[in-house]
Amino acid sequence: MHQEQAMTLRDVGIGSSARVVKLTGEGALKRHIMDMGITKGVDVFVRKVAPLGDPIEVTVRGYELSLRKSEAENVLVEAVS
């Protein structure tokens, strides 16, 4: 995957799935995202986005999770076919 094609979880459309490629961010923020079950290689399904775009509701590892846009921007993903 080329850097210019990097897509974040925030860019994934409603009703689409993506696979986590890498987590960016530092220290506590990265740990917080990992503690929610979002780790490299896991598939994430975007269920819905709030009217103003924040938060984003996703399904990961069989449970529903809400993420802030700022958190979703730290999750690099690739499309899942």
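All of these numbers come straight from a predicted model, not from anything done at the bench.

Participant: Is there a simple way to think about the environment of E57 in this case?
Facilitator: Here E57 shows up in strand β4 (residues 56–60). C-alpha separation for the pair E57 and E73, spaced 16 residues apart in sequence, amounts to 14 Å. Not counting the four nearest positions on each side in its chain, E57 is found in contact with F45, V46, R47, K48, E64, L65 and S66.

Participant: In this structure, what is going on with the pattern of salt bridges? I would like to understand it.
Facilitator: When the charged atoms of two side chains lie near each other, side chains of opposite charge can form a pair. Going through the model one piece at a time under the given rule, you end up with 6 salt bridges. Measuring nitrogen to oxygen at the nearest pair gives 2.1 Å for the salt bridge that ties E73 to R10. In this pair, E73 sits in the loop between α2 (69–72) and β6 (75–79) while R10 sits in the loop between β1 (7–8) and β2 (17–23), placing the two residues 63 residues apart along the sequence. Residue R68 pairs with E71 through a salt bridge whose shortest N-O separation is 3.3 Å.

Participant: Help me out: how do you make sense of the side chain of T8 in this one?
Facilitator: Structurally, T8 is set in strand β1. Setting aside anything within four residues of it in sequence, one finds T8 in contact with A72, E73, V75, L76 and V77.

Participant: Can you help me understand the nonpolar core in this one?
Facilitator: It is characteristic of soluble globular proteins that their nonpolar side chains tend to be buried jointly. Counting 19 residues, the largest nonpolar core has L9, V20, I38, V58 and V75 as the members making the most contacts within it. Every element with two or more residues in this core is listed here: β2, β3 (43–49), β4, β5 (63–67) and β6. In this structure, L9 is in contact with V44, V46, V58, L67, A72, V75 and V77, ignoring residues within four places of it in sequence.

Participant: Explain the pairing of β5 here, please?
Facilitator: Successive side chains on a regular strand alternate, one facing one side of the sheet and the next facing the other. With 5 bridges joining them, β4 and β5 adopt antiparallel strand pairing. Residue V58 lies in a different strand from β5, and its bridge partner there is L65. Between the end of β4 and the start of β5, which pair antiparallel, lie 2 residues, with R61 showing a positive phi angle near 55 degrees.

Conventions we followed
Residues numbered from 1 in each chain as written. Predicted model: local features only at pLDDT ≥ 70, side-chain atom pairs only at ≥ 80, totals over all residues. Heavy atoms only, no water. Helix = DSSP H or I, 4+ residues; strand = E, 2+ residues; numbered from the N terminus. Contact = heavy atoms within 4.5 Å. Salt bridge = Lys/Arg side-chain N within 4 Å of Asp/Glu carboxyl O. Core = buried A, V, L, I, M, F, W, Y, C linked by side-chain atoms within 4.5 Å. Buried < 20%, exposed > 50% of the residue type's maximum accessible area, 1.4 Å probe, protein only. Pairing = 2+ DSSP bridges.

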